[in-house]
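# Architecture at a glance
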Amino acid sequence: MKPLTEQDIRAAFVNCTKGEAKRLSVPRDLADRPWDDLDYLGWRDPQAPDRGYLVVELDGRPQGLALRCSSAVPGQQRRSMCSMCLTTHSGGVALMVAPKAGKPGKEGSSVGAYICADLDCSLYVRGKKDAGLGARLHETLTVEEKIGRTVANVAAFVAKVTAAA
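These lines cover the structure that appears in this document, whether it is placed above or below. Note that the structure is a prediction, hence the values are computed from the model and not measured.

General note: in soluble globular proteins, nonpolar side chains tend to be found buried as a group. Judged by nonpolar contacts, the single largest core of 27 residues is most densely connected at Tyr40, Leu67, Cys82, Met84, Ile115, Cys121 and Phe157. Ignoring anything within four residues of it in the chain, the contact list for phenylalanine 157 reads Leu65, Leu67, Met84, Met96, Ala98, Val111, Gly112, Ala113 and Ile115. Grouped together as the second largest cluster of nonpolar side chains are 17 residues, Ile9, Ala12, Trp35 and Val55 included.

For the coordinates displayed, the defined rule picks out zero disulfides. Take cysteine 16: it sits in no disulfide, and the sulfur closest to it among the cysteines is that of cysteine 69, at 14 Å. Considering cysteine sulfurs only, cysteine 116 is the nearest to cysteine 85, which forms no disulfide, with 3.6 Å between them.

The five strands lie next to each other as E1-E2-E3-E6-E7, forming an open sheet whose pairing is antiparallel. With one partner strand each, in any of the chains shown, strand E1 (41–45) and strand E7 (110–116) form the two edges of the open sheet. Pairwise comparison of adjacent strand axes, ignoring direction, gives a mean angle of 30° for this sheet. Of the pairings in the sheet, the one linking strand E2 (residues 48–58) to strand E3 (residues 61–69) comprises eight bridges and is antiparallel in character. Opposite valine 56, over in E3, you have glutamine 63 as the bridge partner.

Before going further, it helps to examine the packing of aromatic side chains. A complete count under the given rule lists two aromatic pairs for this structure. Ring centres of phenylalanine 13 and tyrosine 53 lie 5.8 Å apart, and the angle between their planes is 90°; on these two criteria the pair is classed as edge-to-face. Taken together, the positions of phenylalanine 13 in the loop between helix H1 (6–12) and helix H2 (18–23) and tyrosine 53 in strand E2 put the pair 40 residues apart, joining distant regions of the chain. The class for phenylalanine 13 is buried, based on a relative accessible area of 9%. Given the relative accessible area of 4%, tyrosine 53 is considered buried. When the ring of tryptophan 43 is compared with that of tyrosine 53, the centres are 5.2 Å apart and the planes differ by 35°; the resulting orientation is tilted. Separated by 10 residues along the polypeptide, tryptophan 43 in strand E1 and tyrosine 53 in strand E2 bring together distant segments of the chain. A network of ring pairs unites the aromatic residues Phe13, Trp43 and Tyr53 as a single cluster.

This part covers the environment of serine 80. When you line up the elements, serine 80 lands in strand E4 (residues 79–81). With 74 residues separating them along the chain, serine 80 and glutamate 6 place their C-alpha atoms 32 Å apart. The contact partners of serine 80, leaving out residues within four places of it in the chain, are Thr87, Thr88, His89 and Val93.

Following the sequence through the fold, asparagine 15 ends up in the loop between H1 and H2. Within the structure, asparagine 15 has its side chain in polar contact with the backbone nitrogen of alanine 66 (distance 2.9 Å). Other than its neighbours up to four places away in sequence, asparagine 15 contacts Gly64, Leu65, Ala66, Ala98, Pro99, Lys100, Ala101 and Val161.

Each value, and the rule that gives it
Residues numbered from 1 in each chain as written. Predicted model: local features only at pLDDT ≥ 70, side-chain atom pairs only at ≥ 80, totals over all residues. Heavy atoms only, no water. Core = buried A, V, L, I, M, F, W, Y, C linked by side-chain atoms within 4.5 Å. Buried < 20%, exposed > 50% of the residue type's maximum accessible area, 1.4 Å probe, protein only. Contact = heavy atoms within 4.5 Å. Disulfide = S-S within 2.5 Å. Pairing = 2+ DSSP bridges. Helix = DSSP H or I, 4+ residues; strand = E, 2+ residues; numbered from the N terminus. Axes fitted to C-alpha atoms, helices over the stretch in contact; angles between N-to-C directions. Phe/Tyr/Trp six-rings, centres within 6.5 Å; stacked < 30°, edge-to-face > 60°. Polar contact = N/O pair within 3.5 Å; in protein donor to acceptor, adjacent residues only side chain to side chain.

Put into structure tokens, the structure is as follows:
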């Protein structure tokens, strides 16, 4: 992924108002992000733990999604699989819900998916971050094929959010 500026990120959101995009917390460490290893930029809002954000480049332009995240249930460490990168975690996958873009979103329609709670799918797929024992099932796919699958899954999620009702 090519590096994004704060202005690029704020202009990319498709499922919130311009005012909401202006007020959201953008990571302060953009210059330090491992851009070459990212298929999308994802982060959780430190001031609002139930909010997450995902910005991906599709068709040559960034598209961003504002997400509502489920909170962890204390004592529940059930193993779950991320629907984007297929990494399994004990307690590290959260239901993330994105309001649909446009009129359907204003009417309350949304799309949800189980995603790595830290939104670091790109790093798990590349082996740059470890989710623990048994986190990656044995597959015969190459890392490039796993990356392609993750990118396709993220693009499909964005397409569901931006699809007209």
